[in-house]
Amino acid sequence: MEKRVTFGKWTIGILFAVPQLLLIFTFFYWPAGQAVYWSLTLQQPWGGGNIWVGLDNFRSILSNADYWNSITASLVFAGISTGLAMFIALVLAALTDRQLAGSRLYRVVLIWPYGIAAPALAMAFRFILAPEAGFMAMVNQVWPGFWDPGLDGADAMASIIVAFSWKYVGYNFIFFLAAFQAIPRSLVEAAAMDGSGVIRRFWDIQFPLITPTIFFLLVINITESFQDSFGIVDIMTSGGPANATNLMVYKIYSDGFKGLDYSGAAAQSIILMLLIIVLTIFQFRFIERRVHYR
Amino acid sequence: MVERTPFLNFFTHLILFIGFVFCIAPFVVVVVAASHNLKDVNDVPMSLLPGSDFWVNIKTAWTTADLGPKLLNSFIMATGVAAGKVIISALTAFSIVYFRYPGRMLIFWLIFITLMLPLEVRIVPTYAVVANVLEPYQAILDLTGISWLIEKVSGVHVALNLGMLNSYPGLILPLIATATGTFLYRQFFLTVPDELTEAARMDGAGPLRFFIDVLLPLSRNNMAALGTIMFLWAWNQYLWPLLITTDQSHATAVTELKQLIPNVGGAPEWHIAMAGTLIVMLPPLVVVVLMQRWFVRGLIATEK
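Residues numbered from 1 in each chain as written. Chains lettered and ligands numbered in written order. Predicted model: local features only at pLDDT ≥ 70, side-chain atom pairs only at ≥ 80, totals over all residues. Heavy atoms only, no water.

**Observations concerning the overall build of chain B**
Right, so step 1: What chain B contains, in helices and strands, is 17 helices and zero strands.
Right, so step 2: Here the C-alpha atoms of chain B give a radius of gyration of 25 Å, more than 25% beyond the 19 Å that 2.2 N^0.38 yields for 304 residues.
Right, so step 3: Classification of the 304 residues of chain B by burial places 53% in the buried group.
Right, so step 4: At a minimum sequence separation of 6, the contacts of chain B that also span at least 24 residues come to 75%.
Right, so step 5: Accessible surface computed for chain B: about 13600 Å², of which carbon and sulfur atoms make up 69%.
Right, so step 6: Side-chain charges of chain B comprise 17 positive and 18 negative groups, with the mean position of each set lying 7 Å from the other. (Helix = DSSP H or I, 4+ residues; strand = E, 2+ residues; numbered from the N terminus. Rg over C-alpha atoms; globule rule 2.2 N^0.38 Å. Buried < 20%, exposed > 50% of the residue type's maximum accessible area, 1.4 Å probe, protein only. Contact = heavy atoms within 4.5 Å. Areas by Shrake-Rupley, 256 points an atom, 1.4 Å probe, with all protein chains shown as cover. Lys, Arg positive; Asp, Glu negative; His and termini not counted. Charge placed at Lys NZ, Arg CZ, Asp CG, Glu CD.)

Printed below as a string of structure tokens:
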């Protein structure tokens, strides 16, 4: 879509874009380019120039078991938490869309978790899931040693998944509800007149119509699980125990800023960037199809 | 709905109620735990009846993590990011939609690409840039030979240096440098009728006048939505402030929360930790509750 009527003076036009261009050049393009450059060189942590090493950084990272462990952990985290957050949100939104008494209350409250900072909710869940106080302590009293995220990697992974999913159920709920409400009532009502039941209507009418939203949320949830997880991991597990929750962004942070391995961190950033770009392209293709759809 | 389904209605209420409880439970636990004393908070099972130490704990958490100045910092950062996004996005969208100049599509794509890469994945080099914001420009001068030329001609050695670590601009500017809002405005500007522009032009209004007097008042709703969502987003930032505020004076409330995690071996002061958590989670929650309509609209509009 294009405007028919525009302003002629193009120099003024560019001036309006200058602040944005300066910002993204300084804080986006330059650092992104720098990351590529660093990933191909060996940067001295305290200055003193850098040596061109080609793809060595990538080679050493990809041959490092810790890195593969962090990729696996990220994928497990992304897969399970996205699945949980989306499934729960879908069920809640579908039921809220039935608009029984009280559905307004759900609509209001279910959104709150999304407003909470990841570290704050991580703190809350760290307490709720602590092995010696809080609520899992009750389980531990019945089965001693059943639950300890400080020692057991699977328990630690479960903790961060619970915290992340809790937040994103609220987020997904907004989109699912909006999608359900965009479906014309008459369509569902006509199907009901024809005698199809609630479940049949869901699968045959509502579900196909919200698939674009499902795919959109799938991509958003997965990309967010790579970024927004940082605060949760830092507060709840610090990547432990034994690297079990050392997700990709957390590893970039700890290698780059604690280990001062800028080149290694840059190479990891590049790999993560590529991963996210692939996911985003997928997302935009999907949105295009969605526009076509309506 | 169209038919009577008592069983399904019961089932719907049941599931929604369970969802409601799961959603609200962590908030309740935080508030209740924040009101207990050291002994009660570590009781197994912890009592869900509130204790009497709520204000004492709030006060302790407030002073332990020095939350007063930290909340102010969070507030400055979040407001700065929200205002910056609202203004800069509007300017850019105006430029892209209402002008035809060479390279316009290039600018469009340059901005579009920034949506793909979040700050978290380019965190190391962005940190280096903030340590000296003029580094990119110095590099350009060096590479093009201009700094060499200047040194030859005037004898002045060009060494641009402007550090932004531990400063508000350092906290705010890199967070503004993505184009989230630009496309929200673009979509909206495209729906503004051409007749309005024609009328404004006939009345002799230039682009700036049209922008300020016609376009901005029309996009109030978009501004509220974008401002709300960006305020929340910035308030909840963690990794970036954690990195660049090495000095306590510019740390934000969210990063200070870490100070309150009970140490291994120390007293498990969960009541203080939860009081601090409550203080930090409250401002964004208030914003969500007050601005829910804009917030939801903004979320759906920016992401689509």
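**Notes on the interface of chain A and chain B**
Right, so step 1: Across the boundary between the two partners, chain A contributes 100 residues, which contact 114 residues of chain B.
Right, so step 2: The shortest N-O distance in the salt bridge between Lys258 of chain B and Asp234 of chain A comes to 3.1 Å.
Right, so step 3: Viewed at the interface, chain B and chain A are joined by 14 residue pairs in polar contact (both at pLDDT 80 or more).
Right, so step 4: Looking at which element gives the most residues to the side of chain A that touches chain B, the answer is helix α1 (residues 10-39) of chain A, with 22 residues. (Salt bridge = Lys/Arg side-chain N within 4 Å of Asp/Glu carboxyl O. Polar contact = N/O pair within 3.5 Å; in protein donor to acceptor, adjacent residues only side chain to side chain.)

**A word on a nonpolar patch on the surface**
Residue and element names in this part refer to chain A.
Right, so step 1: A cluster of nonpolar side chains, contributed by Val76, Ile80, Leu84, Phe87 and Ile88, occupies part of the molecular surface with about 420 Å² of accessible area.
Right, so step 2: Checked against the element boundaries, Ile88 lands in helix α3 (residues 65-96).
Right, so step 3: Exposure remark for Ile88: the relative accessible area of 35% places this residue in the partly exposed category. (Patch = residues over 30% accessible without salt bridge, like charges linked within 9 Å, V, L, I, M, F, W, Y side chains within 5 Å.)

**Notes on helix α5 (residues 104-113) of chain B**
Right, so step 1: Within α5 of chain B the residues assigned to the buried category are Arg104, Ile107, Phe108, Ile111 and Phe112 of chain B. The arc that holds every buried residue of α5 of chain B, seen down its axis, measures 135°, which confines them to one face. (Arc of directions from axis to C-beta.)

**Concerning the confidence of the model for chain B**
Reading predicted coordinates in detail is not appropriate for stretches of low pLDDT.
Residues and elements named next belong to chain B.
Right, so step 1: The share of residues in chain B with pLDDT of 70 or more is 97%, and the mean pLDDT across the chain is 84.
Right, so step 2: Mean pLDDT per element in chain B: helix α17 (residues 292-303) is the minimum at 74, and helix α4 (residues 67-98) is the maximum at 92.
Right, so step 3: Interface confidence for the predicted complex, given as ipTM, is 0.84, next to a pTM of 0.86. (pLDDT = per-residue confidence, 0-100.)

**Focus on the side chain of Thr41 of chain A**
All names here are of chain A.
Right, so step 1: Following the sequence through the fold, Thr41 ends up in strand β1 (residues 41-43).
Right, so step 2: You can call Thr41 buried: its relative accessible area is 1%.
Right, so step 3: There is a polar contact of 3.2 Å between the side chain of Thr41 and the backbone oxygen of Tyr37.
Right, so step 4: With near-sequence residues (within four places) excluded, Thr41 lies in contact with Asn50, Ile51, Trp52, Val53, Asn57 and Ser263.

**Thoughts on the pattern of salt bridges**
Right, so step 1: Under the counting rule described, the total for this entry stands at eight salt bridges over all chains.
Right, so step 2: Close ionic contact of Lys251 of chain A with Asp255 of chain A constitutes a salt bridge, the shortest N to O distance being 3.0 Å. Here Lys251 of chain A and its partner Asp255 of chain A are both found in helix α11 (residues 248-258), four residues apart, which amounts to about one turn of the helix.
Right, so step 3: Residue Asp213 of chain B is joined to Arg209 of chain B by a salt bridge in which the shortest nitrogen-to-oxygen separation is 3.1 Å. You can see Asp213 of chain B and its partner Arg209 of chain B sitting in helix α12 (residues 207-218), four residues apart, about one turn around the helix.
Right, so step 4: Overall, Asp213 of chain B belongs to the partly exposed group, its relative accessible area being 40%.

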